[in-house]
Amino acid sequence: MLVASKHARRSVPQNYLWLAGVTLGEAVFVAAVSAELTVSSVLTAIMATCLATGGLFVAALYTSTSVNRGVLIRNMMLGLLGACVLNLVLLLFMILTWSFRDSTLMMVSSMLMVVIVGIYIVAVLLLILIPDAMDKDDYILGALRLYVELVRLFFYMLVILGKKK
């Protein structure tokens, strides 16, 4: 019992360090991308990200209270598996064809990535909202997952809505 409590006390500061590191890395990444775009396009992407996130939160909130928890988690895991496969296929396609040089193909792939990231966000929100779906110690990891997915959503919104200076 004493060993478990010492381990639990040590893991919390490590989680905060990971969260701080990811936050700093994401901030530098988003700042570098945003510096190349106009102010109005960045603000438009911020607004679009906020609206999409709000809609996803409302959808996750109503879904988490209206469905059997076991069925919901099973369906969510199947949806995540499908989203992961689609994400990997899309990224592999982009790498193999160098599609980022074609603006139309980049827009279509970014829109697909917005849909996939939306699925990830709903899944993470459901894990956080459903009681006993996560251990109490895993809420920091859930917050980190949610943060990373929100930044990914913002990045793809920047790709879709961004205009270079």
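Above: the structure in question.
Conventions and cut-offs
Residues numbered from 1 in each chain as written. Predicted model: local features only at pLDDT ≥ 70, side-chain atom pairs only at ≥ 80, totals over all residues. Heavy atoms only, no water. Core = buried A, V, L, I, M, F, W, Y, C linked by side-chain atoms within 4.5 Å. Buried < 20%, exposed > 50% of the residue type's maximum accessible area, 1.4 Å probe, protein only. Helix = DSSP H or I, 4+ residues; strand = E, 2+ residues; numbered from the N terminus. Contact = heavy atoms within 4.5 Å. Phe/Tyr/Trp six-rings, centres within 6.5 Å; stacked < 30°, edge-to-face > 60°.

(A) Quick look at the nonpolar core. Counting residues in hydrophobic clusters, the biggest one holds 29 residues, and the most contacted among them are Val 114, Ile 121, Leu 153, Phe 154, Met 157 and Leu 158. Taken together, the elements giving at least two residues each to this core come down to helix H2 (39-66), helix H3 (69-97), helix H4 (103-129) and helix H5 (139-161). In terms of residue count, the dominant contributor to this core is H4 (ten residues). Excluding residues that lie within four positions of it along the chain, Ile 121 makes contacts with Leu 56, Leu 146, Glu 149, Leu 150 and Leu 153.

(B) Examining the packing of aromatic side chains more closely. Per the stated rule, a full pass over the model turns up two aromatic pairs. Here the aromatic rings of Phe 29 and Phe 155 are separated by 5.1 Å at their centres, their planes lie at 45°, and the arrangement is tilted. Of this pair, Phe 29 sits in helix H1 (residues 2-35) while Phe 155 is found in helix H5, placing the two residues 126 residues apart along the sequence. The class for Phe 29 is partly exposed, based on a relative accessible area of 38%. Taking relative accessible area as the criterion, Phe 155 reaches 22% and is therefore assigned partly exposed. Between Phe 155 and Tyr 156, the aromatic rings sit 5.3 Å apart at their centres with planes inclined by 65°, giving edge-to-face as the arrangement. Residue Tyr 156 is classed as buried on the basis of its relative accessible area, which comes to 12%. Taken together, the aromatic side chains of Phe 29, Phe 155 and Tyr 156 make up a single cluster linked through ring pairs.

(C) Molecular detail of the environment of Ser 103. Relative to the helices and strands, Ser 103 is located in helix H4. Of the residues examined, Ser 103 reaches a relative accessible area of 54% and is grouped as exposed.

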